Amino acid sequence: MAGVRALGALSRITARRYVLSGKIVLNSFDLSFFLARTHVNYEVKEDVAVIRMNDPNSKVNTLSVRMQNEMIEVFNEVLANDAVHSAVLISSKPGCFIAGADINMIQACNTSEEVTKLSQEGQKMFERIEKSPKPIVAAINGSCLGGGLEFAIACQYRVATKSKKTVLGTPEVMLGLLPGAGGTQRLPKMVGIPGAFDMMLTGRNIKADKAKKMGLVHQLVDPLGPGLKSPEERTIEYLEEVAIQCARGIVHKKILLTKKKGMMQKVQDYVMGIAFVRQQIYKNVNGKVMKMSKGLYPAPLKIIESVKAGLEQGPDSGYLAEAQNFGKLAMTSESNALIGLYHGQVACKKNRFGVPERPVKNLAILGAGLMGAGIAQVTVDKGIHTVLKDTTVEGLSRGQQQVYKGLNDKIKKKAITSFERDSTLSSLTGQLDYSGFEKADMVIEAVFEDINIKHRVIKEVEAVIPPHCIFATNTSALPIKDIAAASMRPEKVIGMHYFSPVDKMQLLEIITTDKTSKDTTASAVAVGLKQGKVIIVVGDGPGFYTTRCLAPMLAEAVRVLQEGVNPKKLDALTTGFGFPVGAATLADEVGIDVAAHVAEDLGKAFGSRFGGGNVDVLKTMVERGFKGRKSGKGCYVYTPGLKSKDVNPDIDDLLEKFKLTPNPSVSSDSDVQYRLVSRFVNEAVMCLQEGILNGPVEGDIGAVFGLGFPPCLGGPFRFVDTFGADKLVEKMRRYEEVYGNHFTPCQLLLDHAKDSNKRFHK
Amino acid sequence: SLCTSNIISNILPPVSLWTGTAVRYLDKKESVKPVISTGSEQRKVQTKSKKTLAKPGVKNIVLVEGVRTPFLLSGTTYADLMPHDLARAALQGLLHKTSLPKDAVDYIIYGTVIQEVKTSNVAREASLGAGFSDKIPSHTVTMACISSNVAMTTGVGLITAGQCDTIVAGGVEFMSDVPIRHSRKMRKTMLALNRAKTLGQRLSLIGSIRMAHLTPELPAVAEFSTAETMGHSADRLAAAFGVTRLEQDEFALRSHTLAKQAQDAGLLSDVISFKVPGRDTVAKDNGIRPSSMEQLAKLKPAFIKPHGTVTAANSSFLTDGASAVLIMSEEKALAMGYKPKAYLRDFVFVSQDPKDQLLLGPAYGTPKVLARAGLTMDDIDVFEFHEAFAGQIMANLKALDSDWFAQTYMGRKVKVGAPAMEKFNLWGGSLSLGHPFGATGCRLVTTVAHRLLKEGGQYGLVAACAAGGQGHAMVIEAYPQ
C-alpha cells in the first residue's frame, strides 16, 4: 500500500526548501542599543580593518535592526580611520555568514509603505558599501542567503570557503518576497540576466564551486582539518588571512577588480545589449513562471518586473521598483502563507517530546519494498546501522538495489563521492531472517497493509527484540491501536507514516495511541529528525490525519468524474487552485486499488459523510486492470519513456455506466474546485476538533508537505483564516443542499464562521 | 662467467666515494650548519634511559647492510629502463657490497607503488635478474610511500617467527614510465573483440569505437577515497597548522643544503654506482639543488591557487630509484662473519583520516613507537623523517609539539615534543635526495644506521607518512662497535 504515499511529486515542486533566511527574534525592548556594540566589532590588522559579525543571541546572523545599526557605525569608523586602507567582512560563527534579513522585522510592519522604507534603508546602506572608497572583501563561510547575499554582492570582492555549509542564494521567492536590498539590481550585472533569474526565481542554494563558476565569488578557500585549533575555528582564521591578502592585493593593484573579459563574455554582453533579446528573455521567463505558478504566486512576477525596470529604465527606476514591489509583496496573503509555512516547518523540525532515554543506533526495517527500502535509504547515511529484512531474495535484492541507486544518483549530482557511497552502504545489512534483531533499538515494519500480516509480524518480532526496542509500524490507514492489539508491550508501539518516495517527501506523520509512552514518541521523532523529516505527531484513528483529509477529496473527485468532467479537466481545475498535482493524476499515482481500499475502509469507519463518488467506479477500474501508473493504465495511459500522457480511452465508457447528472447550480469550474477543497478543509478542521491534531500548525504542515495542499494558501487552517470561515460555510451549505451531509461543516468550522475574531493562526 | 663479469662491470664499487671521506668531511665541518655531530671518529655511546632495547626471549634482528641506486629525477638517465632493472641494480649492489652468496638468502621482499603490469611481482623478476638463486621465493608489497618499510618489517616478522634467518628487503619506484591504460570503454570493446567468433561480430565491435573510447586513463594522482591530490592535502595541512610559506621554503633550502654537504662529504655511502645500459655510469643523486630563499620565493603555488603555500620547490619531486637492505637474525649474521650496522627494534604502523590527516603519519607514529620502546624524545640521537613536503614536515613537527593536538586527537595527556633540529634529517631528505615512493623506507633506515655509526648515537627513529592516511615509525639501535 505504498501507493497512498506516492504523493511524492506534490509538494516537491513548490514546498521543497524552506530552510532559509528567517530567524525568530524576540521583539523585546532593546536597551543594549545604547551600550557597547554586541553584534559587530572590528580589529585593525596593520592597514586592514577586519569587521566581525556575531549575533550573541542566536546560532545564525541576521540583518536585524541592531546588526544594521552597529554595522553602519563600524563602517563609518573604518572610513574615518586613515590607517585603514581596506576592510574584510567576516562572521565569527562557524557555518553562517549572514542567513538573511530578520523576517520579524518585515512582519512587524503594518503597511506596504513601511516595508518599502525598510527596503530603501537596506538599499542605501549597501549602496554606501558598494561605493566605498576603501575596498571591502566579504569572507564567506557558511550560509550567505537573502539579505546576506545582497550584502556580500555589494562588497568589492568575495572569498568563500568550499565547506559543505557554504551556500549562497536568494530564497526570498520561497517566502513570497523578492531580494529587496538591491539584489534584483546587482545580480543581473554580476551573473548575467539568465543566471540572475534562475537564482531569484527558484531561490535555490548555490554551492561555493558553482558560485565561483557563475562569477558570484572571486576566490575559494578550502576548509581545513585538524591542526593546532579546531577545524572550524582555524578554517575561519585561514579564510580571514586569505581575505586580508586579497584586500591588500586590491589596494596594491595586484588584484584587479575589473577582469579582462573573455570572448564568450563579450559575445554574451553583446547579445544581452540588444533590447529585442532582453524583451524575449522577459517574455520567455514570464511565460515559464505563469505556466508553473498558474499565476497564483505574485513574487516571481514582481522579481521579473523589478529586474526589467532596472535594466530598461536605469538604476533609479530599478531600485524604486524593487523597494515598492517588496512592500507590496510583504502585504500579500501568499507571502503570509509561505512565511507561515516556514515558521511551521521550523517548529516541526524540533522534538517537543524531549530527548529519548537511549538513542537509536541499530534500526531494523521489515519489508524491502518501495517504502522499506526508502526508509533504509534515508537512515543508513545518518550513522545508524540499518538492517533491511525481507522474506525473499528477490524482494531483498530489489530493495538493496533501490538504496544503492539512491546513493549512486547522489554521486552523479556530485553530492557525495563513490567512496562515501561505499562506506555508507557498509552500514546496511540485508537479510532474510531475524538474526541480530536482539541488538535492534527500533524496528520499523513496512510489510503489506493487512492487519493479519501485521499481527503475525509483530508477534514474530517481539519474540526476538530486546525489551527496550520500539516497534514502529508504517501504515497509511490501519489504526495503530488495532495493530498494537497483538503486542505484548503496546507502550512501545507507534505509527510512522512515511510518504513515497521516502527520499524526496519531507513529511513524516507519527501516530501515537493512548498507550504509546512519551519516550517511545520522543525516540520516533528523534529518528525522523535524523532522517531529515518534517514531523507532525497526531492521534490515532482511521486514516489518522493525512489519509483522512485526502479520502473525502478523492471521493468528491470521483463524483466529479461521474458527472462528466474528464480527467484532464479535473486535473486542470485542481492545479489551477494551486495543487502541484491534479486530482486524477494523484489518484493514478496513489494507485486506484489503494484509493478504492482506503475509500471503502474509511467509508465504513466514518459512514455516509465519506460518500460522494461511487466506490464501484474505482473497483471496476481495478477489475479491468486500471490500477494507475503502476499498471500502465488508470485515468490515463502511461507509455514508458513518454512524459506526456493521454486520457485512458476506456475510461469514458466505464464512467458512462456510472454517469450522474450534474446539478448546474454547483457545477461551475469554481464550484467544482471549492467542492473538492472544502471537503478536504472541513475534514482537517474536524481532526483538530477531535484532537487528532495537536494544533493548526501541524495541520497546515501535514497538508502541504504530505498531500500537496496549495502552498500559496499556507495549508487548510491558514486558508480558512484568509478566505473566511463564514464564506466557506456559506459555500458548503449551498453544496450541502444538493449533496447532503458530505458537505456539512463541522462544529469548529461553524464556531469560526460565527465569530470572525476566531482565527487558527494569530 | 661472461654474465657475471658483465654484472660486475655494471656496478662499479663505490670505492671512490670512500677514499678521503674523512678528510673532506673534516675540512668542511665549519661550514656545516646546523652542526653535523663531531668528527668521523667513533663518539662514545652515551647510555640512555635504557641501555638496550633487547628483550629476553626475543630474537635480535640486525641490519647488515643497506644500499640504493642513485635517486634520479624522472625522465633523466634512467628513462629507458624498467622498474625491475633498477631493483636489480640495487640487489646486485647489495650482493657486491656484502659478498653474500647468491643462495644464502631465505626470502626476498620488495615494495613498490605504481606497478608495471608486466612485472607485477617485481621482487621475483628483479631477484631472478640479479642472479639470486631461483630457489628463493620473493614477493612484492605495497603501502604507498612506506612500501619498503613494509618489506623490511615483513622480513622482521619472518625472522621473529622463526621462518627465516636472512632476508633481503627493498623498494623500487620508476616514474619515468607509468602504465597508462585505455579507457574502460575501449578495454571492454577489446576484451569483447577477443571473444568475438565471426568476422561480422569483430567488424561491428570495431565499428562501435568512438572518439570517447580513445581517451587514455592516467594513473590516479589523487587519493581514491577523497579524490584530493596529495599536494592539495599538504597545502591544507600546512594551513591547518599555520605553517607559513617562509617556513616551508626555509626547510626546503635546509634539506637541499644539508644533502649537498652530505653528498660532497661522501656521507651518502649507501649510494652505489650504476652503469645504465646505453648511458653513462650514474653515481650521484641528481635532484639536489641548493638554491636561495629569493629564488624559492619566486615560485607560484602548485596546488592551491593563488593563495597556497606548497610549491614545486618545497615538495619532493618525481623520482626513479631503488633500494635494498640485508636483514638477519643477529646470530646468523655473526655466524656468517658479518659486522651488523644496527638493530631493528620496535616499529608501528598507524592510520588516520585520509582527508584531513593524510600526511600526519609521523605525528601519530612517533609517540606510539617511543611508548612501545619505553623511550622518550630525548633518548633519540638520530631522526630520519620522510620529507614528502616541507609543509607536511613542519605540520608534523608542530603536531608533535602541541599539547592540544596530543590531547584532542591522540588521546595523550601531553605532547612528546618535537625532535631537535640538530638531530633531524642531517644528510638531506626526500625533498632534496628524491623520493622514489617504494624505495624511500630502506633509505631512511640505512641512513639512520649510517648516521648512528658516524655520529656515535645510540638510538635512531624513522618516521614516514603515506597515502591513505597511513604512517610508520621504527626505532633503530646502534650496534655496539
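Residues numbered from 1 in each chain as written. Chains lettered and ligands numbered in written order. Predicted model: local features only at pLDDT ≥ 70, side-chain atom pairs only at ≥ 80, totals over all residues. Heavy atoms only, no water.

Colleague: Would you mind showing me how to read the UniProt feature "site: Important for long-chain enoyl-CoA hydratase activity" (unreviewed entry) in chain A here?
Modeller: All names here are of chain A. In this structure's numbering, the residues bearing the UniProt feature "site: Important for long-chain enoyl-CoA hydratase activity" (unreviewed entry) are Glu 150 and Glu 172. A stretch of 23 residues holds the annotated residues, and the largest C-alpha distance among them is 11.4 Å, short enough that they meet in one place. Inspection of the secondary structure puts Glu 150 in helix α5 (residues 147-154). Locating Glu 172 in the fold gives a position in the loop between β8 (167-169) and α6 (183-191). The class of Glu 172 is buried, set by a relative accessible area of 10%. Leave out the neighbours within four places in its chain, and Glu 172 touches Gly 146, Gly 147, Glu 150, Leu 177, Leu 178 and Pro 179. (UniProt positions renumbered as here; feature names shortened; annotations may be inferred. Helix = DSSP H or I, 4+ residues; strand = E, 2+ residues; numbered from the N terminus. Buried < 20%, exposed > 50% of the residue type's maximum accessible area, 1.4 Å probe, protein only. Contact = heavy atoms within 4.5 Å.)

Colleague: What is the right way to read the UniProt feature "domain: Thiolase N-terminal" (unreviewed entry) in chain B from this model?
Modeller: As annotated by UniProt and renumbered to match this structure, "domain: Thiolase N-terminal" (unreviewed entry) occupies residues 61-331 of chain B. Between the C-alpha atoms that bound residues 61-331 of chain B there is a distance of 9 Å. The span itself is 36% helix and 15% strand.

Colleague: Where do I start with the UniProt feature "domain: 3-hydroxyacyl-CoA dehydrogenase NAD binding" (unreviewed entry) in chain A in this structure?
Modeller: Feature annotation in UniProt assigns "domain: 3-hydroxyacyl-CoA dehydrogenase NAD binding" (unreviewed entry) to the following positions: residues 363-540 of chain A. Strand forms 22% of residues 363-540 of chain A and helix 39%; the C-alpha atoms that close the span are 24 Å apart.

Colleague: Can you walk me through the sheet that holds strand β18 (residues 534-539) of chain A in this structure?
Modeller: Backbone hydrogen bonds hold the strands of a sheet together, and the pairing may be parallel or antiparallel. Residues and elements named next belong to chain A. Taken in spatial order, the eight strands make up an open sheet running β13-β12-β11-β14-β15-β16-β17-β18, and their pairing is mixed. Single-partner strands in this sheet number two, and they are β13 (428-431) and β18. Going across the sheet, the axis of each strand differs from the next one's by a mean of 25°, ignoring polarity. Of the strand pairs in this sheet, strand β11 (residues 362-366) and strand β12 (residues 385-389) are connected by five bridges, and their pairing is parallel. Each bridged residue has a counterpart across the sheet, and for Leu 366 the counterpart in β12 is Lys 389. The sheet strands contacting helix α15 (residues 370-380) are β11, β12, β13, β14 (442-445) and β16 (493-498), and the helix crosses β12 at an angle near 170°. Its contacts with the sheet put helix α18 (residues 451-462) on β11, β14, β15 (470-473) and β16, and the angle it makes with β15 is roughly 165°. (Pairing = 2+ DSSP bridges. Axes fitted to C-alpha atoms, helices over the stretch in contact; angles between N-to-C directions.)

Colleague: Help me understand the interface of chain B and chain A in this model?
Modeller: A common measure of how large an interface is: the accessible area buried when the components associate. Taken together, the contact between chain B and chain A spans 17 residues of the former and 20 residues of the latter. For the pair chain B and chain A, the two sides together bury roughly 1,600 Å², of which 61% comes from carbon and sulfur. The largest contributions to the chain B side of the interface with chain A come from Ala 240, His 307 and Trp 404 of chain B, which together make up 35% of the buried area. Inspection of the chain B/chain A interface yields zero salt bridges. The interface formed by chain B and chain A holds four residue pairs in polar contact (both at pLDDT 80 or more) in total. Listed by contribution, the elements that provide at least two residues to the side of chain B that touches chain A are α9 (230-240) and α15 (403-409) of chain B. By residue number, the principal contributor to the side of chain B that touches chain A is α9 of chain B, which donates four residues. Its residues placed into classes, the side of chain B that touches chain A shows eight nonpolar, six polar and three charged. (Buried area = accessible area lost by both parts, 1.4 Å probe. Salt bridge = Lys/Arg side-chain N within 4 Å of Asp/Glu carboxyl O. Polar contact = N/O pair within 3.5 Å; in protein donor to acceptor, adjacent residues only side chain to side chain. Nonpolar A, V, L, I, M, F, W, Y, C, P; charged D, E, K, R; others polar.)

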